[in-house]
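Single-letter residue listing:
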Amino acid sequence: MASNKKLLMLPGDGIGPEVMGEVRRVVDWMDKRRAVSFDVEERLVGGAAIDAEGGPVSDSTMEKALAADAVLLGAVGGPKWDEVPFELKPERGLLRLRKDLELFANLRPALCFDALVEASTLKPEVVSGLDIVIVRELTGGVYFGEPRGIETLPDGTRRGINTQVYTTPEIHRVARVAFELARKRNNRVCSVEKCNVMESGVLWREEVTKLHADEFADVELSHMLADNCAMQLVRAPKQFDVIVTDNLFGDMLSDAAAMATGSLGMLPSASLGATDATGRIPALYEPVHGSAPDIAGQGKANPLATLLSFAMMLRYSFDLGDDADLIEQAVQDVLAAGNRTGDIAAPGAAPGAATVSTEQMGGALLAALDRRAA
Ligand code: IPM
Ligand code: MG
């Protein structure tokens, strides 16, 4: 029996619309070839919404997002909106979506595909076989804490303020996601903060330790300071299984982890909320990369991170593990066959070494899906 899933697509800015176009083709493919169909709606977000609707995400788009079974976002932002007031910046649209959908757990897998070992700037033996997940807290901490703002002091100089703040429930709910995920993987969690200088870090460590003792004693737990974690991620990333950390450190560390995989252009993410009374989990999926304005509109962007985000959606929102596997295997196939967008060409590759366009990469993926599903 075919069932229709309500999917809201928010292509956004820069390369967002290009990479989202390739997901559209896979959605069409699935409608025809698999036992699942999607009702796809598309809305504006970020700079595109500022230009057309006067703000980075409209109330009606928010309503659509709240009613959807899952949201897929491309990317937001770009130099065009540099002069827009802070509260209206493209990024605020994304932050509002995360906040209003209460997507407190951001899963960022960093997986090094065999075919891409050479694309990483790190040594092959350091990254080959890498498979870790960073669980980033997404709706609290310094990105949302109050007080915040810029104020002018009596002497005429100015002061900028942001507040790092976490409560016990905020720490427990994201740590719980990390422990449960670890149980399905290699059963190890590393909790990351700066308890040597921040009270919020002291609390974070104490509360993770308590939750672990009370509910997850079977999972191996370690703690690490965030600066050391940054170093360890480039020194020996395979020592980790699941990393759980706050909003700010998770933002930094997931970019660092991305390079171990060869390219930001390969990294998907899932942002999940709490299960509601009907068993539904609010969810937004997006590539970790940004809008890449320098290559936007040129057909150079790598669509694989967004396609892999769509695969995560199939797995986490729709319990379609087989379909997610199929897409992930097809990604392996296209890489093994040598398809490379510019971002995953081996460093030092000859200038002009053959690369494929966004659309060619998407086409190769569809062909691989056809072969796999034959
Ligand atoms: C990310 C991005 C966002 C963030 C920006 C675009 C608001 O860097 O998803 O990592 O800081 O969370
Ligand atoms: Mg970031």
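The structure displayed is predicted, hence computed values, not measured ones.

Conventions we followed
Residues numbered from 1 in each chain as written. Chains lettered and ligands numbered in written order. Predicted model: local features only at pLDDT ≥ 70, side-chain atom pairs only at ≥ 80, totals over all residues. Heavy atoms only, no water. Domains from an automatic or database assignment. Contact = heavy atoms within 4.5 Å. Buried area = accessible area lost by both parts, 1.4 Å probe. Near = heavy atom within 4 Å. Polar contact = N/O pair within 3.5 Å; in protein donor to acceptor, adjacent residues only side chain to side chain. Areas by Shrake-Rupley, 256 points an atom, 1.4 Å probe, with all protein chains shown as cover. Nonpolar A, V, L, I, M, F, W, Y, C, P; charged D, E, K, R; others polar. Buried < 20%, exposed > 50% of the residue type's maximum accessible area, 1.4 Å probe, protein only. Helix = DSSP H or I, 4+ residues; strand = E, 2+ residues; numbered from the N terminus. Pairing = 2+ DSSP bridges. Axes fitted to C-alpha atoms, helices over the stretch in contact; angles between N-to-C directions. Phe/Tyr/Trp six-rings, centres within 6.5 Å; stacked < 30°, edge-to-face > 60°. Salt bridge = Lys/Arg side-chain N within 4 Å of Asp/Glu carboxyl O. 1 Å grid on protein atoms, 1.4 Å probe; cavity = no way out; pocket = protein on both sides within 12 Å on 5 of 7 lines; lining within 4 Å. Points joined across faces, edges and corners; volume = space filled by probe spheres on them.

K.L.:
What is the right way to look at the domain arrangement of the chain in this model?
P.N.:
In many reports, interface size means the accessible area that the parts give up when they come together. By the assigned domains, the chain splits into domain 1 (1–104 + 273–374) and domain 2 (108–271). Averaged C-alpha coordinates put domain 1 and domain 2 at centres separated by 23 Å. Every contact between the two is made by 34 residues of domain 1 and, on the other side, 29 residues of domain 2. Contact between domain 1 and domain 2 buries roughly 2700 Å² in total, counting both sides, with carbon and sulfur atoms accounting for 64%. The largest contributions to the domain 1 side of the interface with domain 2 come from R98, F104 and V288, which together make up 29% of the buried area.

K.L.:
I'm lost on the site of ligand 1 in this one. Help?
P.N.:
Taken together, E91, R98, R108, R136, Y143 and D251 are the residues near ligand 1. One of the side-chain N or O atoms of R108 is found 2.8 Å from an oxygen atom in ligand 1. The separation between an oxygen atom of ligand 1 and a polar side-chain atom of D251 is 2.8 Å. Relative to its unbound accessible area of 320 Å², ligand 1 is 76% covered by the protein chains. For the shell around ligand 1, the per-class residue count stands at one nonpolar, no polar and five charged.

K.L.:
Would you mind showing me how to read the pairing of strand β5 (residues 131–137) here?
P.N.:
Put simply, side chains in a regular strand alternate between the two faces of the sheet. Among the seven residues in β5, six count as buried, and that is most of the element. Note: strand β4 (residues 105–111) against β5, seven bridges, orientation antiparallel. Looking at β5, one finds that L111 is bridged to D131. Two elements, β5 and strand β10 (residues 242–245), share four bridges in a ladder whose sense is parallel. Residue pairing for β10: V133 is matched across the bridge by V242.

K.L.:
In this structure, what is going on with the sheet that holds strand β3 (residues 70–75)? I would like to understand it.
P.N.:
Adjacent strands of a sheet pair through backbone hydrogen bonds, lying either parallel or antiparallel. Across the sheet, which stays open at both edges, the 10 strands sit in the order β2-β1-β3-β12-β11-β4-β5-β10-β8-β9 with mixed pairing between neighbours. Of all strands in the sheet, those with a lone pairing partner are β2 (37–42) and β9 (220–225), marking the two edges. The mean inter-strand angle of the sheet, taken between neighbouring strand axes irrespective of direction, is 25°. Pairing between strand β11 (residues 268–272) and strand β12 (residues 283–287): five bridges, direction antiparallel. By the bridge assignment, S271 is partnered in β12 with L284. Lying over the sheet, helix α9 (residues 247–260) contacts β4, β5, β8 (188–193) and β10, oriented at roughly 155° with respect to β5.

K.L.:
Quick question: what am I supposed to make of the packing of aromatic side chains here?
P.N.:
To describe a pair of aromatic rings, one takes the distance between the centres and the angle between the planes. Considering all chains together, one arrives at four aromatic pairs under this definition. Ring geometry for Y166 and W204: centres 5.2 Å apart, planes at 75°, overall edge-to-face. Note that Y166 is positioned in the loop between β7 (158–161) and α6 (168–183) and W204 in helix α7 (residues 199–215), a separation of 38 residues in sequence. In terms of burial, Y166 and W204 fall into one category: buried. When the ring of F179 is compared with that of F216, the centres are 4.8 Å apart and the planes differ by 20°; the resulting orientation is stacked. Here F216 lies in the loop between α7 and β9 and F179 lies in helix α6, a separation of 37 residues in the sequence. The pair F179 / F216 is uniform in exposure class, with both members buried.

K.L.:
Could you clarify how one ought to interpret the pattern of salt bridges in this entry?
P.N.:
Where charged atoms from two side chains of opposite charge come close, those side chains can pair. Following the criterion strictly, the structure yields 24 salt bridges and no others. Between R33 and D370 there is a salt bridge whose closest N-O contact spans 2.8 Å. Of this pair, R33 sits in helix α1 (residues 16–33) while D370 sits in helix α12 (residues 358–373), and the two are 337 residues apart along the sequence. On the basis of relative accessible area, D370 is assigned to the partly exposed category, the value being 34%.

K.L.:
Got a minute to help me understand the layout of surface pockets in this structure?
P.N.:
Picture a little ball the size of a water molecule; that probe, rolled over the atoms, points out where space is still empty. Its volume calculated, the largest pocket comes out at about 520 Å³. Lining the largest pocket are 20 residues, with P109, L111, D131, R315 and E328 positioned closest to its centre. If you list the elements that add at least two residues to the lining of the largest pocket, you get β4, β5, α10 (304–316) and α11 (321–336). Residue composition of the lining of the largest pocket, grouped by class: 12 nonpolar, two polar and six charged. When residues of the lining of the largest pocket are sorted by domain, at least three fall in each of domain 1 (1–104 + 273–374) and domain 2 (108–271). By volume, the second largest pocket is sized at about 450 Å³. Lining the second largest pocket are 21 residues, and of these V177, E180, K184, L272 and I281 sit closest to its centre. Among the elements of the structure, β4, α6, β12 and α10 are those that each provide at least two residues to the lining of the second largest pocket. The element that contributes the greatest number of residues to the lining of the second largest pocket is α6, accounting for five residues. Across the lining of the second largest pocket, the residue classes break down as 11 nonpolar, four polar and six charged. Inspection of the lining of the second largest pocket shows a minimum of three residues originating in each of domain 1 (1–104 + 273–374) and domain 2 (108–271).

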